[in-house]
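# Analysis of the macromolecular model
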Amino acid sequence: GHKEGFAKPDFDDSKWQTMALPQPWERAGLNKDGVMWYRKTVQLPEGWAGQKLKLSLGPIDDGDTTYVNNKQVGKTEPYIQNAWQRERTYNVSADLTKDGKLTLAVRVVDTAGGGGVYGKPEPLPLTRAAGQGDPVSLAGDWKYFFAHEINARNRPVRPPAKPFGPDHPHSPAGL
């Protein structure tokens, strides 16, 4: 997806499908592991242009690289301990918000079990770093493209996972 420019604001994602987030992609019928790209364009509220923002995506299973207007703003490697449980909150610099429009692109790597941007159904908030004003909800429809499947033949070695409870998306009850 990097060579194709999936994180660029002017990338044409009109042929991509749509998925409501947050939810594991298995709930949307994609029962495979691999690399998924998500995209969403957001018009900022009046007065937010040129402001520092905080992007909160909740937990992502397993790892992610997150971009705003084609600039990487955060990354969580899939193999760090409990990566799938970590809340993703990334800072967005003021120079990326100057046009009042943001193109968010999230590259997710899922190595096994449930995958994607999941979590509680509350809105995924985009807020001003200074905490002023109501948050912008990022929950809802995002464009997506499944870029690469990982299967038993090409699955990287993963450290042993700790057991998880029935509410986790990897558990059969969580799907």
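### Things to note about unusual backbone geometry
Cis geometry marks the peptide bond from leucine 21 to proline 22; its omega dihedral reads 5°. The step from aspartate 61 to aspartate 62 runs through a cis peptide bond, and the omega angle for that step is 10°. As for its placement among the helices and strands, aspartate 62 is situated in the loop between strand E3 (53-61) and strand E4 (63-68). In the Ramachandran plot, asparagine 69 falls in the positive-phi region, its phi being about 50° despite a non-glycine side chain. Relative to the helices and strands, asparagine 69 resides in the loop between E4 and strand E5 (71-76).

### Section: the pattern of salt bridges
As enumerated under the stated definition, the model contains three salt bridges in all. A salt bridge links aspartate 13 to arginine 39; the shortest N-O distance between them is 2.9 Å. One end of the pair, aspartate 13, is in the segment before strand E1 (17-21); the other, arginine 39, is in strand E2 (residues 33-43), and 26 residues separate them in sequence. The class of aspartate 13 is buried, set by a relative accessible area of 16%. One salt bridge connects arginine 88 with aspartate 64, and the closest N-O pair in it is separated by 2.6 Å. Of the two residues, arginine 88 is situated in strand E6 (residues 87-92) and aspartate 64 in strand E4; the sequence distance between them amounts to 24 residues.

### Looking at the sheet that holds strand E7 (residues 101-110)
One open sheet accounts for six strands, arranged E1-E11-E2-E7-E4-E5; its pairing is antiparallel. The open sheet has two edge strands with one neighbour each: E1 and E5. In this sheet, neighbouring strand axes are inclined to one another by 30° on average, regardless of whether the strands run parallel or antiparallel. One ladder, built from five bridges, connects E4 with E5; its direction is antiparallel. Along E5, the bridge assignment pairs threonine 65 with lysine 75.

### Describing the pairing of E2
For E2, a buried count of nine out of eleven residues is recorded, marking the element as mostly surrounded by other parts of the structure. Looking at chain direction, E2 and strand E11 (residues 140-150) are connected through seven bridges and run antiparallel. The residue bridging tyrosine 38 from the neighbouring strand is tyrosine 144, located in E11. Across ten bridges, E2 lies against E7 in antiparallel orientation.

What counts and what doesn't
Residues numbered from 1 in each chain as written. Predicted model: local features only at pLDDT ≥ 70, side-chain atom pairs only at ≥ 80, totals over all residues. Heavy atoms only, no water. Helix = DSSP H or I, 4+ residues; strand = E, 2+ residues; numbered from the N terminus. Salt bridge = Lys/Arg side-chain N within 4 Å of Asp/Glu carboxyl O. Buried < 20%, exposed > 50% of the residue type's maximum accessible area, 1.4 Å probe, protein only. Pairing = 2+ DSSP bridges. Axes fitted to C-alpha atoms, helices over the stretch in contact; angles between N-to-C directions.

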